[in-house]
Amino acid sequence: MMTEALKNSLISATLRNVAYTSPASVYLALFTTIPSGGLGTEPTGGYARQAVVFDPPAAGITQNQGALSFGAATAAWGQVRWIGVYDALTGGNLLYWGVLGQPRDVGNGQTLNLAAGSVSISLE
């Protein structure tokens, strides 16, 4: 899902001639609570958002180019059920969010990996 803030920016850019500057880099985040409105809970304990590069869109869909690894948890993260795309490594603006295809329980010492092409974004 696209956040309201991003929707408003893109509508203004395409229909009102208001400039929109896309971020130089974007970062994939994990959530243990729903990030609706940008208020989801990200894990703690060895967790950091990961830089992600997306393929050029085709038929209105793009996917992550490479595999992503969130490294070994230094504390239990709990059940990761949602993902999001931010415009910053920390803080920043949530641009997109969605449900992780398969919820994952991440315990201390475990690693969460996502394969190339497993994160899809569309504007539908």
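Residues numbered from 1 in each chain as written. Predicted model: local features only at pLDDT ≥ 70, side-chain atom pairs only at ≥ 80, totals over all residues. Heavy atoms only, no water.

**Topic: the environment of Gly-109**
Okay, so step 1: Along the chain, the position of Gly-109 falls in the loop between strand 6 (94-106) and strand 7 (111-114).
Okay, so step 2: Gly-109 sits in the exposed class, given a relative accessible area of 51%.
Okay, so step 3: Between the alpha carbons of Gly-109 and Gly-45 there is a distance of 9.9 Å; along the sequence they are 64 residues apart.
Okay, so step 4: Beyond its immediate sequence surroundings of up to four residues, Gly-109 is in contact with Ala-72 and Ala-73. (Helix = DSSP H or I, 4+ residues; strand = E, 2+ residues; numbered from the N terminus. Buried < 20%, exposed > 50% of the residue type's maximum accessible area, 1.4 Å probe, protein only. Contact = heavy atoms within 4.5 Å.)

**Comments concerning the side chain of Thr-3**
Okay, so step 1: Note on placement: Thr-3 falls in the segment before helix 1 (4-15).
Okay, so step 2: When its relative accessible area of 11% is taken as the criterion, Thr-3 is described as buried.
Okay, so step 3: If we skip the residues at most four places from it in the chain, Thr-3 touches Leu-94, Leu-95, Tyr-96 and Trp-97.

**Concerning the pattern of salt bridges**
Okay, so step 1: This structure, assessed with the given rule, holds two salt bridges.
Okay, so step 2: One salt bridge in this structure joins Lys-7 and Glu-4, with 3.5 Å as the shortest N-O distance. On the criterion of helical spacing, the pair formed by Lys-7 and Glu-4 is a turn pair, its members being three residues apart in helix 1.
Okay, so step 3: According to the relative accessible area criterion, Lys-7 is partly exposed, its value standing at 34%.
Okay, so step 4: When the shortest N-O distance is used, the salt bridge between Arg-49 and Glu-42 registers 2.8 Å. (Salt bridge = Lys/Arg side-chain N within 4 Å of Asp/Glu carboxyl O.)

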